[in-house]
Amino acid sequence: SGTLNVTELGELLGKPANDIIKKLMFAGVMANKNQDLDEDTIELIAGEYGMAVKKEVEVEKTDLTQYIEIDDEKDLKERPPVVTIMGHVDHGKTTLLDSIRNTRVTAGEAGGITQHIGAYQIRTDAGKKITFLDTPGHAAFTSMRSRGAQVTDIAILVVAADDGVMPQTVEAINHAKAAEVPIIVAVNKMDKEAANPDRVMQELTEYELISEDWGGDTIFVPMSALQGEGIEELLEMILLVAEVEELKANANRRANGTVIEAELDKGRGAVASLLVQNGTLRVGDPIVVGNTFGRVRAMVNDLGKRIKKAGPSTPVEITGLSNVPQAGDRFVVFEDEKTARQIGELRQQKQLEERRGEQSKVSLEDLFEKI
Ligand code: GTP
Ligand code: MG
């Protein structure tokens, strides 16, 4: 974390700058209050007060993003979009998720019991896949984003045509905008007597969501989630937006992605639903997930079927972790178990330290530990 001057070091150690200057003098270093000190000197003075500088390398090692190699453009191929459905209470989010889910039961999948793993994938008639996050849209954005995770590519904003724009509609718009995610508006409950889609369009202009009919560039899809009307068109529009976004990934690499949800299962231990965002996740992979680690012991897809590998944009449920991670945690697959364990343990240790409040503010404990 760079250098400190004498005054700053004094503040961190809770000692007057003059004390530090005296210690420095005994050590043969002549310094004034504003003098920058090198790491060795800081270490030396801290030692005088019974403190050691925390090994910064170890802290740096815990940052998972550095282990994710950047792909070569030429290795990138189209991947399915990941979609989150948001909107005001009772506007039809769950009904919409359910009717979309029902469109996917094809001959090959018949008999599969839908598992709740926080997300599911459908294949459209044209053979294209779309992944839907099943978690309430707001939670998906808030909990994930608070951890710096971004899983959503496209947001569906459900607005009931008989109710119009409501507080949580606005909240949803703000989440999507903050995440810079394109929005498709699903004007729902069109089957209702009181449906007034023009009003919805009008109200949304205030939030810069202007329909293509009115010269804007936001896609509005009138629909009835309850009656299954407009679903096909919505799916088409999602694929259209996905194409514009040029969503890509490299299936030929070790996987990384984000935890959608996780829990402790009595029989199976820690169970985590993961969204593979890049690469291919395989049974047996050594993995660090948030502050825990392990080896992918078993993997099932959203139909409860055991699978051996999962490519980009695929939601899966895995077992084999030593602890339960949290929604929004990142996961990274490592080449060998030893490294995964080492980094997992460092992250665990760091989390424990943070829990003890050692990182409450910029204080002594941020930089030093008792020896
Ligand atoms: P919360 O999860 O509570 O925020 O609600 P939600 O947005 O998930 O709404 P949900 O899908 O539970 O729908 C709320 C009510 O509206 C239910 O009674 C649905 O049957 C009804 N509903 C949903 N979509 C439609 C529709 O297209 N037409 C009509 N008439 N009713 C609908
Ligand atoms: Mg719901």
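Just so you know, these numbers come straight off a predicted model, no measurement behind them.

Asker: An account of the pairing of strand β19 (residues 330–333) is requested, with residue identities and associated values reported.
Answerer: Judged from the three bridges that link them, strand β12 (residues 256–265) and β19 form a sheet pairing that is antiparallel. When the sheet's bridge partners are listed, Asn256 is paired in β19 with Val332.

Asker: Which residues make up the packing of aromatic side chains, and what values go with them?
Answerer: With the rule as written, the count across this model stands at two aromatic pairs. For the pair Tyr67 and Phe334, a centre-to-centre distance of 5.1 Å together with 65 degrees between the ring planes defines the contact as edge-to-face. Of this pair, Tyr67 sits in the loop between α4 (56–61) and β4 (77–78) while Phe334 sits in the loop between β19 and α10 (337–355); the two residues are 267 residues apart in sequence, bridging distant segments of the chain. The cationic tip of Lys23 hangs over the ring face of Tyr49; the distance from NZ or CZ to the ring centre is 5.2 Å.

Asker: Please set out the sheet that holds strand β15 (residues 286–289) residue by residue, giving values where relevant.
Answerer: Here six strands make up a closed barrel; going around it, the order is β12-β13-β18-β16-β15-β19 and the pairing antiparallel. Direction aside, the axes of adjacent strands within the sheet are offset by 45 degrees on average. In the sheet, strand β16 (residues 292–300) pairs with strand β18 (residues 315–321) via four bridges, with the strands oriented antiparallel. Bridge assignment links Gly294 to a residue of β18, and that residue is Leu321.

Asker: Got a sec to walk through the environment of Lys61? Specific residues and values, please.
Answerer: Inspection of the secondary structure assignment puts Lys61 in helix α4. The sequence separation of Lys61 and Leu346 amounts to 285 residues, and the corresponding C-alpha distance is 7.9 Å. Setting aside its immediate chain neighbours within four residues, Lys61 contacts Gln66, Tyr67, Gln342, Ile343 and Leu346.

Asker: Give a detailed account of the confidence of the model for the protein, specifying residues and quantitative values.
Answerer: Caution is warranted with low-pLDDT regions, since their predicted coordinates should not be read in detail. Residues of the protein with pLDDT of at least 70 account for 89%, and the chain-wide mean is 89. On the interface metric, ipTM, the complex scores 0.99, and its pTM is 0.81.

Asker: So what's going on with α10? Which residues, and what values?
Answerer: Within an α-helix, residues lying three or four positions from one another point in the same direction, as the helix has 3.6 residues per turn. The first and last C-alpha atoms of α10 sit 26 Å apart over 19 residues, in line with the 27 Å expected at 1.5 Å per residue. Taken together, the buried positions of α10 are occupied by Ala340, Ile343, Gly344, Leu346, Arg347 and Gln351. When α10 is viewed along its axis, its buried side chains cluster within an angular range of 160 degrees and face the same direction. N-cap assignment for α10: the residue whose side-chain oxygen lies 3.3 Å from the backbone N of Lys338 is Asp336.

Asker: Can you tell me about the sheet that holds strand β5 (residues 82–87), naming the residues and giving the values?
Answerer: Across a sheet, paired strands are connected by hydrogen bonds in the backbone, their directions being either parallel or antiparallel. Here six strands make up an open sheet; going across it, the order is β6-β7-β5-β8-β9-β10 and the pairing mixed. Two strands in the sheet have a free side with no partner beyond their single neighbour: β6 (119–123) and β10 (219–222). Across the sheet, the axes of successive neighbouring strands diverge by a mean angle of 30 degrees, strand direction being ignored. Relative to strand β7 (residues 129–133), β6 runs antiparallel, the two sharing five bridges. Paired with Gln121 across the strands is Thr131, a residue of β7.

Thresholds applied
Residues numbered from 1 in each chain as written. Chains lettered and ligands numbered in written order. Predicted model: local features only at pLDDT ≥ 70, side-chain atom pairs only at ≥ 80, totals over all residues. Heavy atoms only, no water. Pairing = 2+ DSSP bridges. Helix = DSSP H or I, 4+ residues; strand = E, 2+ residues; numbered from the N terminus. Phe/Tyr/Trp six-rings, centres within 6.5 Å; stacked < 30°, edge-to-face > 60°. Lys NZ or Arg CZ within 6 Å of the ring centre and 35° of its normal. Axes fitted to C-alpha atoms, helices over the stretch in contact; angles between N-to-C directions. Contact = heavy atoms within 4.5 Å. pLDDT = per-residue confidence, 0-100. Expected span 1.5 Å × (residues − 1). Buried < 20%, exposed > 50% of the residue type's maximum accessible area, 1.4 Å probe, protein only. Arc of directions from axis to C-beta. Polar contact = N/O pair within 3.5 Å; in protein donor to acceptor, adjacent residues only side chain to side chain.

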